[in-house]
Every structure is written in structure tokens, then in C-alpha cells.
Amino acid sequence: MKKYLFSIIFALSALVMLNGCIVSDKKLSEKIQSAIVDEEASNGKTLEVTEFSLGDKIGKNYKGVLKGKLDGKDVIYDVTVNDEGNDFDVDWNLRP
């Protein structure tokens, strides 16, 4: 539920930023990292991002990887970004 809410918030903030323009990969990358860090913080955890790549763009979608330290332990998240034109849907999953 929280990921869905963050996706909506992210999409709305992207729309405000866009204001008719396309978001650069760099800005999109920063927004995604921030959303994941904020989500973990809301769960009482500390995430330090050490590496993030949006990955290759396939059509209008990205499949990326975020590496970091979650409460001091090395973690990897699979990140999927679906670009639906005027908004973005972001989903991430912690690898086991």
C-alpha cells in the first residue's frame, strides 16, 4: 500500500516538475532514490545508497538496480519504472 502511495506521490511530483517538459534521466534517478530512502525511513530503517542505475530504457520503461546499505547490511533492490507519458509508476523489490 505504501509503495502504491509513493508511486502516486512520485507521479504527481513528476508532473509538477515536468510542466510540459520531459524529466531527464538524472532527475528521474534522483527522485527514485529519494522515494526508496524515504520509504525505508518511514519503516524505521536507514538506507544509504551506494550505487544506482536506471538501466537500459526498453520502450518507455526502465529496469534498474539500486545497491546500498540497509541498517549497515548490503542490499540490492530491483527497480522498475514504467513511463506512461505524463506520469511514472515506480516499483522496487528487495532481493532476498
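Residues numbered from 1 in each chain as written. Predicted model: local features only at pLDDT ≥ 70, side-chain atom pairs only at ≥ 80, totals over all residues. Heavy atoms only, no water.

### Digging into the environment of glycine 68
Here comes step 1: When you line up the elements, glycine 68 lands in strand 3 (residues 61-70).
Here comes step 2: Of the residues examined, glycine 68 reaches a relative accessible area of 4% and is grouped as buried.
Here comes step 3: Sequence separation between glycine 68 and glutamate 51 is 17 residues; the distance between their C-alpha atoms is 6.5 Å.
Here comes step 4: With residues near it in sequence (within four places) discarded, glycine 68 still touches Leu47, Glu48, Val49, Thr50, Lys73, Asp74 and Val75. (Helix = DSSP H or I, 4+ residues; strand = E, 2+ residues; numbered from the N terminus. Buried < 20%, exposed > 50% of the residue type's maximum accessible area, 1.4 Å probe, protein only. Contact = heavy atoms within 4.5 Å.)

### Comments concerning the confidence of the model for the chain
Here comes step 1: Across the chain, pLDDT averages 82, with 74% of residues at or above 70.
Here comes step 2: For the chain, helix 1 (residues 2-18) is the element with the lowest average pLDDT, namely 61, and strand 1 (residues 47-53) is the one with the highest, namely 96. (pLDDT = per-residue confidence, 0-100.)

### Observations concerning the pairing of strand 4 (residues 73-83)
Here comes step 1: In this sheet, strand 4 lies alongside strand 3 in antiparallel orientation, the contact comprising 10 bridges. Paired with glycine 64 across the bridge in strand 4 is valine 79.
Here comes step 2: By the bridge criterion, 7 bridges tie strand 4 to strand 5 (residues 88-94) in an arrangement that is antiparallel. Across the sheet, residue threonine 80 finds its bridge partner in strand 5, namely aspartate 91. (Pairing = 2+ DSSP bridges.)

### Quick notes on the pattern of salt bridges
Here comes step 1: Overall, the coordinates contain 2 salt bridges when judged by the stated rule.
Here comes step 2: Salt-bridge contacts for lysine 69 lead to aspartate 74; the nearest nitrogen and oxygen are separated by 2.7 Å.
Here comes step 3: One salt bridge connects aspartate 78 with arginine 95, and the closest N-O pair in it is separated by 2.8 Å. You can see aspartate 78 sitting in strand 4 and its partner arginine 95 sitting in the segment after strand 5, a full 17 residues away along the chain. (Salt bridge = Lys/Arg side-chain N within 4 Å of Asp/Glu carboxyl O.)

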